[in-house]
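What follows is each chain in one-letter form.
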Amino acid sequence: VTAPGKEVDFVSRFFTPQASILEDPVTGSAHCSLVPYWARTLGKSSLNALQLSDRVGQLKCEDRGERVQISGQAVTYFKGEITLTINDKLGGRE
């Protein structure tokens, strides 16, 4: 869901009822579609967006033609380590 903003260029919300969380607090993937739309609508390539979830997320966005650049503050909520074993049958080494 998106609309023009009052203090920012546009606002949005992103609901995922099929997922384990009802609403994604800040959705970069959704803004990859929203930024080109609002850039065309507003006639500008640099945009400020606000996702109006409970946590609220501010995004600085830029429409770069075939790409969208999104920046803002992030919070680390999980750290981990992944170890991959390459199968020699696929041409790799262990």
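Per chain, residue numbering runs from 1 following the sequence as it is written. This being a predicted model, a pLDDT of at least 70 is required before a residue's local features are given, and a value of 80 or more before pairs of side-chain atoms are given or counted; all residues contribute to the totals for chains, interfaces and linings. Only hydrogens and water are removed before side-chain values are computed, so all heavy atoms of the structure are retained for them.

Q: Looking at this structure, how should I read the pattern of salt bridges?
A: Salt bridges are counted wherever a side-chain nitrogen of Lys or Arg sits within 4 Å of a carboxyl oxygen of Asp or Glu. Applying the stated criterion across every chain, the model contains two salt bridges. For the salt bridge of Asp-9 with Lys-44, the shortest nitrogen-to-oxygen distance reads 2.8 Å. Of the two residues, Asp-9 sits in the loop between strand S1 (2–4) and strand S2 (10–12) while Lys-44 sits in the loop between helix H1 (28–42) and strand S3 (46–51), which places them 35 residues apart along the sequence. Overall, Lys-44 belongs to the partly exposed group, its relative accessible area being 37%. Across the salt bridge formed by Glu-62 and Arg-64, the nearest N and O atoms sit 3.7 Å from each other. Residue class for Glu-62 comes out partly exposed when judged on its relative accessible area of 28%. Comment: elements are numbered from the N terminus, with helices defined as DSSP H or I runs of at least four residues and strands as E runs of at least two. Relative accessible area decides the class of each residue, using a 1.4 Å probe on protein chains only: under 20% of the type maximum gives buried, over 50% gives exposed, and in between gives partly exposed.

Q: How do you make sense of the pairing of strand S5 (residues 68–71) when you look at a structure like this?
A: One face of the sheet, then the other: side chains in a regular strand alternate in exactly this way. Here, a strand pair is defined by DSSP locating no fewer than two bridges between the strands. In terms of strand pairing, strand S4 (residues 57–63) meets S5 through four bridges, oriented antiparallel. Across the sheet, residue Asp-63 finds its bridge partner in S5, namely Val-68. Counted along the chain from S4 to the antiparallel partner S5, the turn is four residues long, and its residue Gly-65 has a positive phi close to 80 degrees.

Q: What am I meant to see in H1 here?
A: Because each turn of an α-helix spans 3.6 residues, side chains separated by three or four positions in sequence point in the same direction. Here the expected length of a helix is defined as 1.5 Å per residue gap, with one fewer gap than residues. Counted at 1.5 Å a residue, the expected span for H1 with its 15 residues is 21 Å, and the 20 Å between its end C-alpha atoms agrees. We define the bend at each residue as the angle formed by axes fitted to the 7 residues ending at it and the 7 residues starting at it. Helix geometry: H1 is bent most strongly at Leu-34, by close to 30 degrees, with proline Pro-36 lying one to four residues after it. Turning to H1, its buried residues are Ala-30, His-31, Leu-34, Val-35, Pro-36, Trp-38 and Ala-39. Note on definitions: a residue-residue contact is assigned when non-hydrogen atoms from the two residues lie within 4.5 Å. Looking at the packing, one finds that the buried side of H1 touches S1, S2, S3, S4 and S5. Gly-43 sits one or two positions beyond H1 and adopts a positive phi of about 70 degrees.

Q: Before we go on, may I ask you to explain the nonpolar core in this structure?
A: Nonpolar side chains in soluble globular proteins tend to be buried together. In plain words, nonpolar cores are sets of buried Ala, Val, Leu, Ile, Met, Phe, Trp, Tyr and Cys residues tied together by side-chain atoms within 4.5 Å. Membership of the largest hydrophobic core is limited to nine residues, which are Phe-10, Leu-34, Val-35, Trp-38, Ala-39, Leu-47, Ala-49, Leu-59 and Cys-61. Those elements that place two or more of their residues in this core are H1, S3 and S4. Among the elements that line this core, the one with the most residues is H1, at four residues. Discounting residues that sit within four places of it in the chain, Leu-47 has contacts with Asp-9, Phe-10, Val-35, Trp-38, Ala-39, Leu-42, Leu-59, Lys-60 and Cys-61.

Q: Quick question: what am I supposed to make of unusual backbone geometry here?
A: With glycine set apart, most residues show a phi of negative sign, and most peptide bonds adopt trans. Not every positive phi belongs to a glycine, and Val-56 is a case in point at roughly 60 degrees. When you line up the elements, Val-56 lands in the loop between S3 and S4. For Val-56, a relative accessible area of 42% puts it in the partly exposed group.

Q: Just to check I follow, could you spell out the environment of Asn-87 for this structure?
A: Tracing the sequence through the fold places Asn-87 in the segment after S5. Residue class for Asn-87 comes out partly exposed when judged on its relative accessible area of 40%. For the pair Asn-87 and Ala-19, spaced 68 residues apart in sequence, the C-alpha to C-alpha distance is 33 Å.

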